Amino acid sequence: MQAVRNCCAVLKRELKSYFESPVAYVFMVAFLVLTGFLTFSVSRLYERGIGDLQPFFFWHPWVYLLLVPAATMGLWAEERRAGTIELLLTMPVTMMQAILGKFFAAWLFIIISILLTFPLPLTLAYLGDPDMGVIFCGYFGSILLAGAAVSIGMLASCLTRSQVISFVLALLITLLLILAGWPPVTDLFVRWAPLWLVDAVASFSLMPHFESMQRGVIDLRDVAYYLSVMIFMIAAAQVVLDNRKSA
Amino acid sequence: MLEVRNLQKHFGAIRAVAGVSFRVAQGEVLGFLGPNGAGKTTTMRMITGFLPPSGGTALVCGHDVREAPVEAKRCIGYLPENAPAYDSMTVLNFLRFAAEIRGFRGADLVGRVESAIEKCRIEEIRHQSIGTLSKGYRQRVVFAQAILHDPPVLIMDEPTDGLDPNQKHTVREMIKGMAAEKAIIVSTHILEEVDAVCSRAIIIRHGQIVANGTPQELKSQSRTGRLDDVFRKLTLDKEDS
Ligand SMILES: Nc1ncnc2c1ncn2[C@@H]1O[C@H](COP(=O)(O)OP(=O)(O)OP(=O)(O)O)[C@@H](O)[C@H]1O
Ligand SMILES: [Mg+2]
């Protein structure tokens with residue numbers, strides 16, 4: 001019980017700190033403008049004449065690639081730079097409670113941004129007759145994808161006290177995990193690597209697991225994949241912080 | 001109330017703390033002295049559970065910091081070196097956060113925060129964000145965070161560092177005011193402070209205790225009877241003197 005309260009206290013503080021600084025607003029505007037631009041100007045959502053949000057979700061991995069590291073880069077790097085980590089970890093919270101509190105704060109922050117795109121499905125419902133189940137699946141998958149990206153970003157933030165390095169690291173790791181299963185890249189590799197190898201590498205990628213959810217299929221294996229990415233990254237963050245918190 | 005048993009800390013090849021043992025009872029204010037790099041901060045970080053010791057342990061109100069870190073942390077108020085605090089938060093929100101993590105709720109939480117604000121005399125800056133505070137006020141805000149839960153053990157790393165004479169005086173008075181019901185450790189480079197607030201002092205050098213006694217006992221170790229001379233005698237390396 002106390003454990004949950006401690007997590008919530010850390011979560012609340014972290015979430016407040018997003019909204020106390022301009023970061024939150026800059027981030028949300030950037031998120032909405034970027035997704036809007038890509039969906040309407042690049043993918044031409046309305047001109048397609050199909051009542052779904054596929055072109056909208058298509059861009060999510062790429063938008064997260066750029067924006068999630070910006071939201072997570074400060075989580076621990078700033079705490080270490082400013083020395084407040086010493087304050088936080090000498091309060092009666094365990095390291096795991098602090099990590100989970102921060103992780104859920106950042107994830108919740110991204111989820112809020114995602115949910116702010118609600119006018120899009122509403123307009124679609126007004127204009128035509130989209131399959132709301134598919135749209136729901138798309139949002140569900142996008143939220144899981146964001147969770148995985150946040151956990152990667154948080155791990156990168158543990159590794160350094162510089163927010164810039166943390167940002168770049170998170171971006172590189174996420175990019176790697178995206179490209180490993182992105183058809184244009186896998187198609188290149190199929191030419192010289194055995195198919196099973198390409199598939200094995202691709203199964204570690206964030207992309208194939210998101211694709212089926214965009215099409216409206218929630219497969220438990222995909223959900224399990226995202227959850228295991230998050231659990232792995234969180235456990236790694238714990239190990240890294242235990243070893244490097246004072247360095 | 002606080003017992004330190006043979007604490008050790010190595011950073012790679014550096015021996016920062018090499019077997020430090022002492023006890024602090026309720027009502028005592030222990031001055032923690034030593035030259036730069038002697039291992040004062042490292043020792044305090046191990047007692048407060050921030051750094052895991054390489055060897056030895058500390059008992060805080062009977063809780064072993066290695067086996068029951070959370071229980072031990074509950075009994076400690078800690079003012080880290082340089083008073084780190086969340087710059088973007090207001091003083092009030094920061095203290096509320098500290099109170100929440102210390103397990104207070106509702107009216108109790110408000111009461112705790114208010115009494116800490118009053119004790120540290122930071123009423124006028126309660127809505128200011130911490131990043132904009134002067135050093136002295138910042139120090140007091142972190143101090144307020146340390147005493148908010150009325151901890152039996154209070155650990156302060158250079159609480160008067162960089163303060164003006166008036167603020168130094170205020171902080172010393174606050175420490176003296178709380179001394180009776182707590183066990184307090186204060187590290188400092190200001191030797192007059194030892195006379196002013198401490199009931200006992202420890203001098204460490206290269207991670208080892210070289211003197212432990214009341215200010216009077218320490219002074220008697222030098223012919224001149226001045227703490228400065230004792231400090232210099234005990235901590236200067238042969239080749240430096
Ligand atoms: N994270 C760390 N990694 C490596 N060495 C460290 C680390 N922290 C402290 N040290 C070393 O341990 C020794 C003791 O440092 P400590 O900060 O405890 O000294 P101090 O007594 O608090 O000094 P000061 O009076 O300057 O505050 C120093 O030699 C320092 O360089
Ligand atoms: Mg120090």
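Being a predicted model, the structure only gives us computed values, none of them experimental. (Residues numbered from 1 in each chain as written. Chains lettered and ligands numbered in written order. Predicted model: local features only at pLDDT ≥ 70, side-chain atom pairs only at ≥ 80, totals over all residues. Heavy atoms only, no water.)

### Some details on the overall build of chain A
- What chain A contains, in helices and strands, is 14 helices and zero strands.
- From first element to last, N terminus to C terminus, chain A shows the α and β order α-α-α-α-α-α-α-α-α-α-α-α-α-α.
- The buried share of chain A, reckoned over its 247 residues, is 52%.
- A separation threshold of at least 6 residues defines the contact pool for chain A, and within that pool the share at least 24 residues apart is 78%.
- Charged side chains of chain A number 15 positive and 15 negative; the gap between the two group centres comes to 10 Å. (Helix = DSSP H or I, 4+ residues; strand = E, 2+ residues; numbered from the N terminus. Buried < 20%, exposed > 50% of the residue type's maximum accessible area, 1.4 Å probe, protein only. Contact = heavy atoms within 4.5 Å. Lys, Arg positive; Asp, Glu negative; His and termini not counted. Charge placed at Lys NZ, Arg CZ, Asp CG, Glu CD.)

### Section: the coordination of the magnesium ion (ligand 2)
Residue and element names in this part refer to chain B.
- Those protein atoms acting as donors to the magnesium ion (ligand 2) are Thr41 (OG1) and Glu81 (OE), and they sit at 1.9 to 2.5 Å. A residue pair is termed long-range when its members are at least 10 positions apart, and Thr41 in helix H1 (residues 40–47) and Glu81 in the loop between strand S6 (76–79) and helix H3 (91–101) qualify at 40 residues.
- Exposure remark for Thr41: the relative accessible area of 15% places this residue in the buried category.
- Residue classification places Glu81 among the partly exposed positions, given a relative accessible area of 26%. (Donors = N, O, S within 2.8 Å, 3.2 Å for Na, K, Ca; no water.)

### As for the interface of chain A and chain B
- Counting residues at the interface gives 26 residues for chain A, matched by 28 residues for chain B.
- Both faces considered, chain A and chain B share a buried interface measuring about 2600 Å² in area, 62% of it formed by carbon and sulfur atoms.
- Here chain A and chain B share two salt bridges between them.
- The partner of Arg45 of chain B in a salt bridge is Glu86 of chain A, and the shortest N-O contact between them spans 3.0 Å.
- Our count for the chain A to chain B interface comes out at six residue pairs in polar contact (both at pLDDT 80 or more).
- In terms of residue count, helix H1 (residues 2–20) of chain A provides more of the side of chain A that touches chain B than any other element does, ten residues in total. (Buried area = accessible area lost by both parts, 1.4 Å probe. Salt bridge = Lys/Arg side-chain N within 4 Å of Asp/Glu carboxyl O. Polar contact = N/O pair within 3.5 Å; in protein donor to acceptor, adjacent residues only side chain to side chain.)

### What about the sheet that holds strand S3 (residues 29–33) of chain B?
Residues and elements named next belong to chain B.
- One open sheet holds the six strands; their spatial order is S6-S7-S8-S3-S9-S10, and the pairing between them is mixed. The outermost strands of the open sheet, each flanked by one partner alone, are S6 and strand S10 (208–213). This sheet shows a mean twist of 15 degrees between the axes of neighbouring strands, independent of strand direction.
- Here strand S7 (residues 153–157) pairs with strand S8 (residues 183–187) via five bridges, running parallel. Across the sheet, the residue bridging to Met156 is Val186, located in S8.
- Against the sheet, helix H6 (residues 165–178) makes contact with S3, S7 and S8, and its axis sits at roughly 155 degrees relative to S8, the strand it touches most. (Pairing = 2+ DSSP bridges. Axes fitted to C-alpha atoms, helices over the stretch in contact; angles between N-to-C directions.)

### Section: the layout of surface pockets
- Reported here for the largest pocket is a volume of approximately 450 Å³.
- Along the walls of the largest pocket sit 21 residues, with Glu14, Ser17, Gly74, Glu78 and Gln163 of chain A positioned nearest its centre.
- Grouping the constituent residues of the lining of the largest pocket by class yields nine nonpolar, six polar and six charged.
- The volume enclosed by the second largest pocket comes to roughly 300 Å³.
- Forming the walls of the second largest pocket are 17 residues, and the residues nearest its centre are Lys245 of chain A together with Gly49, Val65, Pro69 and Lys73 of chain B.
- Among the elements that make up the lining of the second largest pocket, the one with the highest residue count is helix H2 (residues 69–74) of chain B (three residues).
- Looking at the lining of the second largest pocket residue by residue, the class counts come to eleven nonpolar, two polar and four charged. (1 Å grid on protein atoms, 1.4 Å probe; cavity = no way out; pocket = protein on both sides within 12 Å on 5 of 7 lines; lining within 4 Å. Points joined across faces, edges and corners; volume = space filled by probe spheres on them. Nonpolar A, V, L, I, M, F, W, Y, C, P; charged D, E, K, R; others polar.)

### Looking at the domain arrangement of chain B
Residues and elements named next belong to chain B.
- As far as domains go, chain B holds domain 1 (2–75 + 154–240) and domain 2 (84–150).
- Inter-centroid distance (C-alpha atoms) of domain 1 to domain 2 is 25 Å.
- Contacts between the two partners involve 15 residues from domain 1 and, on the opposite side, 14 residues from domain 2.
- Between domain 1 and domain 2, the buried area comes to about 1100 Å², and carbon and sulfur atoms account for 59% of it.
- The largest per-residue losses of area from domain 1 upon contact with domain 2 belong to Gln167, Thr170 and Met174, which jointly make up 36% of the total buried on that side.
- Inspection of the domain 1/domain 2 interface yields two salt bridges.
- Between Lys182 and Asp150 there is a salt bridge, with the nearest N and O atoms lying 2.5 Å from each other.
- Put simply, domain 1 and domain 2 have five residue pairs in polar contact (both at pLDDT 80 or more) between them.
- Here the side of domain 1 that touches domain 2 gets four residues from one element, more than from any other, and that element is H6. (Domains from an automatic or database assignment.)

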